[in-house]
There are 2 protein chains.
Amino acid sequence: MKVPSYELDKRVADFQLSLKSKGIDGALLVQRADTLYYTGTAQNVHVYIPAEGKPIVLTYRDFIRAQAESSWAVIPLKGMSKIPAYIQEAGHLLPKTLGLELDVLPVNQFERYRKIFPEVSFVDVSPEIRYQRAVKSNWERNRLEESAKILPEVLEYAKNILRPGMTEIELEGLLEGKARALGHGGHVRMRGFGSEFHVGAITSGARAAMNSSFDGPVTGKGTSVAHPNGASMDPIKEGEPILVDMVTVYNGYQIDQTRILSLGPLSEELTKAYEITLQVEELIRRALIPGRVAGEVFEEILTWVQENTSYEENFMGYGAGRVRFVGHGVGLELDELPTISKGSKEVLKAGMVIAIEPKFVFPDLGAVGIEDTVIVEGELGAAFLSVTSRNLIIV
Amino acid sequence: MKVPSYELDKRVADFQLSLKSKGIDGALLVQRADTLYYTGTAQNVHVYIPAEGKPIVLTYRDFIRAQAESSWAVIPLKGMSKIPAYIQEAGHLLPKTLGLELDVLPVNQFERYRKIFPEVSFVDVSPEIRYQRAVKSNWERNRLEESAKILPEVLEYAKNILRPGMTEIELEGLLEGKARALGHGGHVRMRGFGSEFHVGAITSGARAAMNSSFDGPVTGKGTSVAHPNGASMDPIKEGEPILVDMVTVYNGYQIDQTRILSLGPLSEELTKAYEITLQVEELIRRALIPGRVAGEVFEEILTWVQENTSYEENFMGYGAGRVRFVGHGVGLELDELPTISKGSKEVLKAGMVIAIEPKFVFPDLGAVGIEDTVIVEGELGAAFLSVTSRNLIIV
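Since the structure is predicted, the reported quantities are computational estimates derived from the model, not experimental observations.

What about the interface of chain A and chain B?
The partner chain B presents 68 residues to the 68 residues of chain A that form the contact. Interface of chain A and chain B: buried area, both sides summed, is about 5,500 Å²; carbon and sulfur atoms make up 54% of it. Broken down residue by residue, the surface that chain A buries against chain B is led by Arg61, Phe193 and Val225 of chain A, which jointly contribute 14%. Remark: the boundary between chain A and chain B carries 6 salt bridges. With its nearest N and O atoms 2.1 Å apart, the salt bridge here joins Glu172 of chain B to Arg180 of chain A. The tally of links from chain A across to chain B stands at 34 residue pairs in polar contact (both at pLDDT 80 or more). Of all the secondary structure elements, the ones that give two or more residues to the side of chain A that touches chain B are α2 (32–39), α3 (63–69), α5 (107–116) and α9 (168–181) of chain A. No other element matches α9 of chain A, which puts 8 residues into the side of chain A that touches chain B.

In structure tokens, the structure reads:
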């Protein structure tokens, strides 16, 4: 689906306001999620956004698709050294101060821009971009609601195919295949340097308590030393919690969700722990109110778990694997703002979309928990975008 | 599978030789494929490799797994500012010249290192790393041979499930699911900034001639504007070539392959064109001899296609989508050295592993071609690592 021009106009206009307020003459953006956000195309482009006037989109490939998808002028890029010329030919003055995405831009590429723009002073505009993108428009909300339709069907399918002896990776492969058939875009974008993600974590029993490089409460064993996250080659056993943490992406917009399945009933203790995570999720959801500070919400939730449960040491991971957040922004990327995390000063705004994921991890038994993607609205708390039943799925 | 210590010893020793020859006192590496290569763990680590002496591995998470996987000293990383202290505590002098991966390292992270190492001059060691990693050891060759066992089974499965009306994305999902069940690690690593890859390109008919952001001869339509590569939601039609370009990764090592399937026979013209790509592949394979210059091999192949076929304008893409290479290095990453590309000065060496992929793209009919992963050996040309039959798969 094409991004409508009114949407692109608004995104660029809002970004230009923050450029002006910081005295930045223009921004040259290259990171895929950012260029998709401001141009409407995920082709291989540079976009120059002046503080005033229309952006220009410079592309290596593919020109035809970029032109069909973006509402801005699209120009074939014949070499990075020509970028200043393209800017001037479009009727803009060369910037004195140029914004770049210095949180992701590799040093060698930055050095090329320094040679191309010898007189220019460079500033990092990634915070402005990330805070702007954190607040979703109605059009984006509709895209997220479409993306949310995939996972319920995937979980229905899981009920039919789950069987004893099946390996974690077999289950993951089948569930991803089903999500793909329903239009899941496959590649899940992350911004953080070195972040690697495939489908999510489909992990069962004690493997769910294995920590790894991935910065999440439950990451799994993985298939090998080289891929130490997510599903393993080990078989799923009856009575063990099967944690299905999956991201679906549709028209670029991601929904992050976790549900617990099992072959046969779970123990009373795990069932009780699971029910507590539902309570905690509800507390988080109600606390996500415009004006609140993310770090304060995190502390409030942590305190509640300390005072009302016996699972403090199991909350959001176990041992060295414990993470210091209970939610993270999602949209075009999986690691967007805000993070409902320790010390976060981020102030919640209506339209922010957040995956909230209270989980308890038990070293011997495995992990139980819930994750839904919600949108900040008003005083009553955030609204659910994900639409899957929150019942345990006992097969 | 653990990387044996003799393998890690050799990799580090060879890297230390190139550090010394360049007068570099040490290197601080953070990129996943590089740190996996030198440490044996894919956990979240910094590795400091001094020009002489043993490396140290600094990790945020997960310490326990990193320690079990690496043969070097593993130290919990309590903050980047402490890195110089860890280096000194390990008995090393602080470097005067420090190597970093400046081809991938983001500017903001580099600025942090500059503050942490105020007296140090920084140099890019990514060329040394990439040239070293281009030449595979016997142990690595064995891993690649294991990875190559997955795709023949996936293609056998494809014969059973392929049916008219199936969408491209349905086929891709099922084939990836099968590969996953056989141990495919899922996430395919690429080094280039902004490179995005999921499973490969499963694309049929004229969609195979749609160009996109991905730098390959055949990229496909994709599922949406946001994911404009690979399989689409469109149905596969009888008599059209179905190009299955898939990467499998096992123990971190990637095999890149392409085969052509179809529902019912292909036209005589496409069948003939396909047979020519087999001839071209054989010419490339035979030309991959130690000492030869990659760019010269590329020109030789291009000339042969110009002189012996009527498909010059269809070779390696069509129109703006034509790429200027016929092969690329593979291993822990999909975009390794050498590239058999226009103007490449890279000199072939025994042990280099290269995916060779001659393809013809016809705007109305679709794409036919072949891709195999081979290893450079001696005068007789490269040896096949991929083991799938090269016949057209007519279902």
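Continuing now.
Thoughts on the domain arrangement of chain A
Quoted interface sizes are often the accessible area lost when the parts come together. Residue and element names in this part refer to chain A. As far as domains go, chain A holds domain 1 (5–133) and domain 2 (138–394). Taking only C-alpha atoms into account, the centre of domain 1 sits 34 Å from that of domain 2. With 17 residues of domain 1 in contact, the opposing surface of domain 2 contributes 11 residues. Between domain 1 and domain 2, the buried area comes to about 1,300 Å², and carbon and sulfur atoms account for 48% of it. Broken down residue by residue, the surface that domain 1 buries against domain 2 is led by Arg130, Tyr131 and Arg133, which jointly contribute 44%. Here domain 1 and domain 2 share 5 salt bridges between them. Elements supplying a minimum of two residues to the side of domain 1 that touches domain 2: α1 (5–21), α2 and α6 (126–134). When residues in the side of domain 1 that touches domain 2 are grouped by element, the largest group, 5 residues, is from α2. Of the residues that constitute the side of domain 1 that touches domain 2, the class distribution is 7 nonpolar, 2 polar and 8 charged.

Section: the UniProt feature "domain: Peptidase M24" (unreviewed entry) in chain A
The UniProt entry lists residues 143–377 of chain A under the feature "domain: Peptidase M24" (unreviewed entry), expressed in the numbering used here. With 28% helix and 23% strand, residues 143–377 of chain A has end C-alpha atoms that lie 17 Å from one another.

Some details on the relation of the copies chain A and chain B
If you rotate chain A by 180 degrees and push it 0.0 Å along the axis, it lands on chain B with an RMSD of 0.0 Å. What the rotation and shift describe, once combined, is the action of a two-fold rotation axis. By C-alpha distance to the rotation axis, the residue of chain A lying nearest is Pro106 of chain A, at 2.1 Å. A shared interface surface links the copies, since 100% of the contact residues of chain A are contact residues in chain B too.

Structural notes on the pairing of strand β14 (residues 366–369) of chain B
Residues and elements named next belong to chain B. Across the two faces of β14 the burial is the same, with Gly366 and Val368 and Ala367 and Gly369 all buried. By the bridge criterion, 4 bridges tie strand β13 (residues 359–362) to β14 in an arrangement that is antiparallel. Its bridge partner being in β14, Val361 is matched across the sheet by Ala367. Between β13 and the antiparallel strand that follows it, β14, lie 3 residues.

So, unusual backbone geometry
The residue after Arg61 of chain A, namely Asp62 of chain A, is reached through a cis peptide bond having omega 0 degrees. Secondary-structure assignment places Asp62 of chain A in the loop between β3 (56–61) and α3. Between Leu337 of chain B and the following residue, Pro338 of chain B, the backbone shows a cis peptide bond with an omega angle of 0 degrees. The residue Pro338 of chain B is located in strand β11 (residues 336–341) in this model. One non-glycine residue, Asn251 of chain B, adopts positive backbone phi at about 50 degrees. For Asn251 of chain B, the position within the fold is in the loop between β8 (242–250) and β9 (253–262). Positive phi values are uncommon outside glycine, yet Met316 of chain B reaches one of about 60 degrees. As for its placement among the helices and strands, Met316 of chain B is situated in the loop between α11 (294–308) and β10 (325–329).

So, helix α9 (residues 168–181) of chain B
Compared with an ideal rise of 1.5 Å per residue, which puts 14 residues at 20 Å, α9 of chain B spans 20 Å between its outermost C-alpha atoms and is within 8% of the ideal. Among the 14 residues in α9 of chain B, 10 count as buried, and that is most of the element. In this fold, the buried residues of α9 of chain B make contact with α9 of chain A together with α8 (150–161), β7 (200–204) and β8 of chain B. After α9 of chain B finishes, the residue Gly183 of chain B shows a positive phi value of roughly 110 degrees.

Comments concerning the UniProt feature "domain: Creatinase N-terminal" (unreviewed entry) in chain A
Within the UniProt annotation, "domain: Creatinase N-terminal" (unreviewed entry) is assigned to residues 11–135 of chain A. Segment residues 11–135 of chain A splits into 42% helix and 23% strand. End C-alpha atoms: 11 Å apart.

Points about the environment of Pro95 of chain B
Residues and elements named next belong to chain B. Topologically, Pro95 is positioned in the loop between α4 (83–89) and β5 (97–100). Residue class for Pro95 comes out buried when judged on its relative accessible area of 4%. Look past the residues within four positions of Pro95 in its chain and what remains in contact with it is Asp25, Gly26, Tyr48 and Val120.

Things to note about the packing of aromatic side chains
Residue and element names in this part refer to chain A. Evaluation of the coordinates by the stated rule reveals 16 aromatic pairs over all chains. Ring centres of Phe110 and Phe122 lie 5.4 Å apart, and the angle between their planes is 75 degrees; this geometry places the pair in the edge-to-face category. Residue Phe110 is located in helix α5, and its partner Phe122 is located in strand β6 (residues 121–124); the two are separated by 12 residues in the primary sequence. The two residues Phe110 and Phe122 agree in class, both being buried. Their ring planes at 50 degrees and their centres at 5.9 Å tell us that Phe197 and Phe214 sit as a pair that is tilted. A residue pair is termed long-range when its members are at least 10 positions apart, and Phe197 in the loop between α9 and β7 (200–204) and Phe214 in the loop between β7 and β8 (242–250) qualify at 17 residues. The residue whose ring lies beneath Arg390 is Phe384, and the NZ or CZ to ring-centre distance is 4.0 Å.

Quick word on the pattern of salt bridges
When charged atoms on two side chains of opposite charge get close, those side chains can pair. Residue and element names in this part refer to chain B. Taken as a whole, this structure holds 66 salt bridges over all chains when the rule is applied. In this structure, Arg11 engages Glu7 in a salt bridge whose closest nitrogen and oxygen atoms are separated by 3.2 Å. Of the two residues, Arg11 and Glu7 both sit in helix α1 (residues 5–21), 4 residues apart, roughly one turn of that helix. Summarising the burial analysis for this pair, Arg11 and Glu7 share the class buried.

A look at the packing of α1 of chain B against helix α2 (residues 32–39) of chain B
Residues and elements named next belong to chain B. The N-to-C vectors of α1 and α2 enclose an angle of 115 degrees; their axes lie 7 Å apart at closest approach. For the element pair α1 / α2, the angle class is roughly perpendicular. In contact with Leu8, Arg11, Val12 and Phe15 of α1, α2 contributes Leu36, Tyr37, Tyr38 and Thr39. Here the contact of α1 with α2 is composed, by residue class, of 6 nonpolar, 1 polar and 1 charged.

Describing the sheet that holds strand β15 (residues 372–378) of chain B
All names here are of chain B. The sheet built from 5 strands is open, its strands ordered β11-β10-β12-β15-β16 with antiparallel pairing. Sheet topology places β11 and β16 (381–384) at the edges, where each strand pairs with a single neighbour. Averaged over all neighbouring strand pairs, the angle between strand axes comes to 35 degrees, with direction disregarded. Direction of pairing for β10 relative to strand β12 (residues 353–356): antiparallel, over a ladder of 3 bridges. Considered in β12, the bridge of Gly329 is made with Ile354. α11 contacts β10 and β11 of the sheet and is inclined by roughly 35 degrees relative to β11.

About the thresholds
Residues numbered from 1 in each chain as written. Chains lettered and ligands numbered in written order. Predicted model: local features only at pLDDT ≥ 70, side-chain atom pairs only at ≥ 80, totals over all residues. Heavy atoms only, no water. Contact = heavy atoms within 4.5 Å. Buried area = accessible area lost by both parts, 1.4 Å probe. Salt bridge = Lys/Arg side-chain N within 4 Å of Asp/Glu carboxyl O. Polar contact = N/O pair within 3.5 Å; in protein donor to acceptor, adjacent residues only side chain to side chain. Helix = DSSP H or I, 4+ residues; strand = E, 2+ residues; numbered from the N terminus. Domains from an automatic or database assignment. Nonpolar A, V, L, I, M, F, W, Y, C, P; charged D, E, K, R; others polar. UniProt positions renumbered as here; feature names shortened; annotations may be inferred. Least-squares fit on C-alpha atoms with pLDDT ≥ 70 in both. Buried < 20%, exposed > 50% of the residue type's maximum accessible area, 1.4 Å probe, protein only. Pairing = 2+ DSSP bridges. Expected span 1.5 Å × (residues − 1). Phe/Tyr/Trp six-rings, centres within 6.5 Å; stacked < 30°, edge-to-face > 60°. Lys NZ or Arg CZ within 6 Å of the ring centre and 35° of its normal. Axes fitted to C-alpha atoms, helices over the stretch in contact; angles between N-to-C directions. Parallel < 35°, antiparallel > 145°, perpendicular 65-115°, else oblique.

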